[in-house]
Amino acid sequence: MTDWTRLLRDIPDFPKAGIRFKDVMPVLAEPRAFAAAIAALAAPWRIARIDAVLAIEARGFLLGAPLAHALGAGLVPLRKPGKLPGAVREVRYALEYGEDALQVQAGALAPGARVLLVDDVLATGGTLAAACALAQQLQAEIAGAGVLLELAALGGRARWPVAAPLHAALVV
């Protein structure tokens, strides 16, 4: 099984009525599909000299850790409020079904570190834009962003706030 895209599934009315959730968990459960998905995420960044992968909670962690390993980079988690010790930076943002916030530890990166932002799905773009703002607060150099799946109809790519590349392993 290397065609990981066949394992994606839609979950209607989750997390609330009217939302069609894209479930990537079946991809992660099948070892060869998971490996193929990570390879697809890593491919555009193999020669990009990434210092750290900034992985967005929660499913971004599941992709970010093996991606950081594949790229020889560190991993910095971007978490929901109240999950990180010490001083943190925070950005609040709107979701397609509510509002949320992301935090990062204030000293997680050296200024100028080259980072790659990673999440599972690009929908309306609010989460990825918030992650970008956190990276900028840390004075990181944003090499770009990678997502496993982009929902093109929701227009999230238009909210990508920097000139750096944004790669999706699959666009639907």
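Look up a bit, the structure's there.
Residues numbered from 1 in each chain as written. Predicted model: local features only at pLDDT ≥ 70, side-chain atom pairs only at ≥ 80, totals over all residues. Heavy atoms only, no water.

### Brief notes about helix H4 (residues 126–137)
The condition is simple: Going along the chain from the N terminus, every DSSP run of H or I of four or more residues is numbered as a helix, and every run of E of two or more is numbered as a strand. Under the convention used throughout, the expected extent of a helix is 1.5 Å for every residue step, that is, one less than its residue count. The cut-offs for exposure are 20% and 50% of the maximum accessible area for each residue type, with area from a 1.4 Å probe on protein chains only; residues under the lower value are buried, those over the upper are exposed, and the others partly exposed.
Here H4 is 12 residues long and its end C-alpha atoms lie 17 Å apart, about the 16 Å a rise of 1.5 Å per residue gives. Of all 12 residues in H4, nine are buried, a share of seventy percent or more. Buried within H4 we find Gly 126, Thr 127, Leu 128, Ala 129, Ala 130, Ala 131, Cys 132, Leu 134 and Ala 135. A positive backbone phi angle near 60° is found at Gln 139, which sits one or two residues after H4.

### Remarks on the packing of aromatic side chains
The geometry of an aromatic ring pair comes down to the distance between the two centres and the angle between the two planes. The condition is simple: Any two rings among Phe, Tyr and Trp, with Trp reduced to its six-membered ring, count as a pair given centres within 6.5 Å; such a pair is stacked if its planes are under 30 degrees apart, edge-to-face if over 60, and tilted if neither.
Enumeration according to the criterion identifies one aromatic pair in this entry. Geometrically, the ring pair formed by Phe 14 and Phe 21 is edge-to-face, given 5.2 Å between the ring centres and 85° between the ring planes.

### Digging into the environment of Ala 94
For clarity, the threshold we go by: In this analysis, two residues are considered to be in contact whenever any of their non-hydrogen atoms come within 4.5 Å of each other.
Tracing the backbone shows Ala 94 in strand E5 (residues 88–95). Residue classification places Ala 94 among the partly exposed residues on the basis of a relative accessible area of 45%. In this structure the C-alpha to C-alpha distance between Ala 94 and Leu 7, which are 87 residues apart in sequence, comes to 29 Å. Apart from residues no more than four positions distant in its own chain, Ala 94 is found in contact with Glu 99, Gly 126 and Arg 159.

### What to know about the pattern of salt bridges
The cut-off we apply is this: Salt bridges, as used here, are contacts in which a Lys or Arg side-chain nitrogen is within 4 Å of a carboxyl oxygen on Asp or Glu.
Per the stated rule, a full pass over the model turns up 12 salt bridges. Across the salt bridge formed by Arg 9 and Asp 23, the nearest N and O atoms sit 2.7 Å from each other. Of the two residues, Arg 9 is situated in strand E1 (residues 9–12) and Asp 23 in strand E2 (residues 20–23); the sequence distance between them amounts to 14 residues. Here Arg 92 and Glu 99 are joined by a salt bridge, their closest N and O atoms 3.1 Å apart. Since its relative accessible area comes to 56%, Glu 99 is described here as exposed. Through salt bridges that share partners, Asp 10, Arg 20 and Lys 22 make up one connected network.

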